[in-house]
Amino acid sequence: MSASEPLSADDVRDAAVRLRGVARRTPVVRSRTLDGLARRAVFCKCENFQRVGAFKLRGAYNAMSRLPGDRLASGIVTYSSGNHGQAVALAARELGTRAVVVMPEDAPRSKSDAVAGYGAEIVRYDRGSGDRAAVAAELAAAQGLTLVPPYDDPHVIAGQGTVALELLAEVEELDALVVPVGGGGLIAGCATIAAAMRPGLRVVGVEPEAGDDTKRSLAAGERVRVRAPRTIADGQAVEIPGELTFPIMLRLVHGVVLVSDAEIVDAMRFAFDRLKLVVEPSGASGLAAVLTGRIDEVAPAARRVGVVLSGGNVDTTRFRELLAATP
């Protein structure tokens, strides 16, 4: 598979084989209280229990482990607000190479500390005025590093699709799959395998209100750039969908719904109080769409719904601040 070839379900299945013994098969959590509030059966795929605390290891490792030996040995560079950076850092450590991660100056400290803790070098940029992809490209050229982007890579997308592969193998007869959307790697991979395994399943993306680039892009039929989003969901603070992910979303995603930051916090609180799960803002956006009934905009007839809790990387101070800000 290359960037010019269409992603297939077999690519996702092949990634699952490569990830055996590396990525965890994360649990699916149920709650009668959640089912009652959502008025449907809800199955939460808990990627907050994945290594590095988010789904990102799946794509990063799948892509990096396929590099020729000389390119892998020369080192990896990426850009990330945190979770993909952690994944690349851990994958680099596992594969015996070095990693450089370009991170915004305002990235959560817990995520920066984790990236450094896995042994990667951090290079900072200003989210408001800088171009993270350009910084990474300059580093790649200057130091001979290979770029592994957070979502615009076919092997990254295939790796992320293993989230849905596991969920659909475990839970029968889902009517809808609800997935947080940032650059689109997770939902593109999940939609690819879902279309093959369950052709009638509705794939619903969820974005924060302040960062609705994918919703606008799907409506326009082309990639639309928005102003740099200001949202608590830092993992979804993307200005434009990915170049590779967008055509997949346009073909296979049935719609995108929006949730507010306050609704995301409510979902984080519910996950903690009732499910006993710690979920970061980006990871809670799909749950917020289920709790508010917003998914009815795309899948009104869905009675059995899978929702991806995509990550749980939020430190105790930030978690406490967010939950205290909204009654």
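Here the structure is a predicted model, which means the values were calculated and not measured.

(A) Spotlight on the sheet that holds strand S6 (residues 146-147). Reading across from one edge, S5-S4-S3-S6 is the order of the four strands in this open sheet, with parallel pairing throughout. Of all strands in the sheet, those with a lone pairing partner are strand S5 (121-125) and S6, marking the two edges. Pairing analysis gives five bridges linking strand S4 (residues 99-104) to S5, with the strands arranged parallel. Across the sheet, the residue bridging to Val 102 is Val 123, located in S5. The sheet contacts of helix H5 (residues 83-95) involve strand S3 (76-79) and S4, and relative to S3 the element is tilted by about 170 degrees.

(B) Molecular detail of helix H14 (residues 281-291). Burial analysis of H14 places ten of its eleven residues in the buried class, which makes it a mostly covered element. Turning to H14, its buried residues are Pro 281, Ser 282, Gly 283, Ala 284, Ser 285, Gly 286, Leu 287, Ala 288, Ala 289 and Val 290. Gly 293, located one to two residues past H14, shows a positive phi value of around 75 degrees.

(C) Expanded view of the side chain of Lys 56. Within the element layout of this structure, Lys 56 appears in helix H3 (residues 56-64). In this structure Lys 56 is buried but unpaired, with Glu 280 as the nearest side chain of opposite charge at 9.7 Å. Among residues more than four places away in sequence, those in contact with Lys 56 are Asn 83, His 84, Ala 87, Pro 150 and Gln 160.

(D) Main features of the pattern of salt bridges. All chains considered together, the criterion is met by 16 salt bridges. With a shortest N-O distance of 2.7 Å, Arg 40 and Asp 296 are connected by a salt bridge. Taken together, the residues span a long stretch of sequence, with Arg 40 in the loop between helix H2 (32-38) and strand S2 (41-46) and Asp 296 in the loop between H14 and strand S10 (304-309) at a distance of 256 residues. The class for Arg 40 is buried, based on a relative accessible area of 6%. In this structure, a network of salt bridges that share partners links the residues Lys 45, Glu 47, Arg 58 and Glu 166.

Cut-off values and rules
- Residues numbered from 1 in each chain as written.
- Predicted model: local features only at pLDDT ≥ 70, side-chain atom pairs only at ≥ 80, totals over all residues.
- Heavy atoms only, no water.
- Pairing = 2+ DSSP bridges.
- Helix = DSSP H or I, 4+ residues; strand = E, 2+ residues; numbered from the N terminus.
- Contact = heavy atoms within 4.5 Å.
- Axes fitted to C-alpha atoms, helices over the stretch in contact; angles between N-to-C directions.
- Buried < 20%, exposed > 50% of the residue type's maximum accessible area, 1.4 Å probe, protein only.
- Lys, Arg positive; Asp, Glu negative; His and termini not counted.
- Salt bridge = Lys/Arg side-chain N within 4 Å of Asp/Glu carboxyl O.

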